[in-house]
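# Secondary and tertiary structure notes
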Amino acid sequence: MKAGLKYNARILFAAGADHVYLPTSNKSIIQTEADIDPVIDALKNEPARYRYTSFHPQGTCRMGADPKTTVVSPSGETHDIKRLYIADASLLPTSIGYTPSETVYALSSYIADQIIAQNYR
């Protein structure tokens, strides 16, 4: 986590940021590029230290082979209702902490291919 925060902070400063706010439970601000390592190294890895939010419902219709623990099959079809497919962020196992748009695009494309394959057998 800390390595990722450092990497992102360096990118932001290289892009012209005056300061960087860290997504932490306490207010953490990096004022200069020289402060990146000391500020981030001082963070404690503990529960709820880092704040990551996503405004896309995720993890509510898990994908998998076992109908007892998942809602849809690996093809995106619901276990309970045949020919009903789900192709959104709810298929993810949990919140990924940032916008899942690209992941949803890939999942949707994959599921569309599965639907086409089912209809042309």
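Quick notes on the rules
Residues numbered from 1 in each chain as written. Predicted model: local features only at pLDDT ≥ 70, side-chain atom pairs only at ≥ 80, totals over all residues. Heavy atoms only, no water. Helix = DSSP H or I, 4+ residues; strand = E, 2+ residues; numbered from the N terminus. Buried < 20%, exposed > 50% of the residue type's maximum accessible area, 1.4 Å probe, protein only. Contact = heavy atoms within 4.5 Å. Salt bridge = Lys/Arg side-chain N within 4 Å of Asp/Glu carboxyl O. Expected span 1.5 Å × (residues − 1). Arc of directions from axis to C-beta. Core = buried A, V, L, I, M, F, W, Y, C linked by side-chain atoms within 4.5 Å.

### A few points about the side chain of Lys6
- Relative to the elements of secondary structure, Lys6 occurs in helix α1 (residues 2-14).
- Of the residues examined, Lys6 reaches a relative accessible area of 16% and is grouped as buried.
- Excluding its chain neighbours within four sequence positions, the residues that come into contact with Lys6 are Ile36, Asp37, Ile40 and Asp41.

### Concerning the pattern of salt bridges
- Inspection of the entire model under this criterion finds three salt bridges.
- Of the charged contacts in the structure, one is a salt bridge between Lys6 and Asp41, with a shortest N-O distance of 2.6 Å. With a gap of 35 residues between them, Lys6 in helix α1 and Asp41 in helix α2 (residues 36-41) connect regions that are remote in the sequence.
- Note on Asp41: relative accessible area 44%, which makes it partly exposed.
- A cluster of three or more residues bridged by salt bridges with shared partners is formed by Lys6, Arg10, Asp37 and Asp41.

### Considering α1
- Its 13 residues place the ends of α1 18 Å apart at the C-alpha level, agreeing with the 18 Å of an ideal helix rising 1.5 Å per residue.
- Packed against the buried residues of α1 are β1 (20-22), β2 (28-30) and α2.
- One or two positions beyond α1, positive phi appears at Gly16, with a value near 110°.

### Focus: the environment of Ile116
- With respect to the helices, strands and loops of the structure, Ile116 is situated in helix α3 (residues 101-119).
- For Ile116, a relative accessible area of 47% corresponds to the partly exposed category.
- Taking the C-alpha atoms as reference points, Ile116 and Gly97, 19 residues apart in sequence, are found 31 Å from one another.

### A short note on α3
- End to end, α3 covers 27 Å across 19 residues, agreeing with the expected 27 Å (1.5 Å per residue, within 8%).
- Taken residue by residue, α3 has Val104, Leu107 and Ile111 as its buried positions. Projected down its long axis, α3 shows its buried positions confined to an angular sector of 65°, all on one face. Exposed residues on α3 whose side chains face more than 90 degrees from its buried face are Glu102 and Tyr105.

### A closer look at the nonpolar core
- By size, the foremost hydrophobic cluster in this structure holds ten residues: Leu5, Ala9, Phe13, Val20, Leu22, Ile30, Ile36, Ile40, Leu43 and Tyr50.
- Contributions of two or more residues to this core are made by α1, β1 and α2.
- Tallying contributions element by element places α1 first for this core, with three residues.
- If near-sequence neighbours (up to four positions away) are discounted, Tyr50 is found in contact with Met1, Lys2, Leu5, Pro23, Thr24, Leu43, Lys44 and Asn45.
- In this structure, Ile86, Ala89, Leu107 and Ile111 belong to the second largest nonpolar core, which totals nine residues.

Everything listed is a geometric property; what it means functionally is a separate question.
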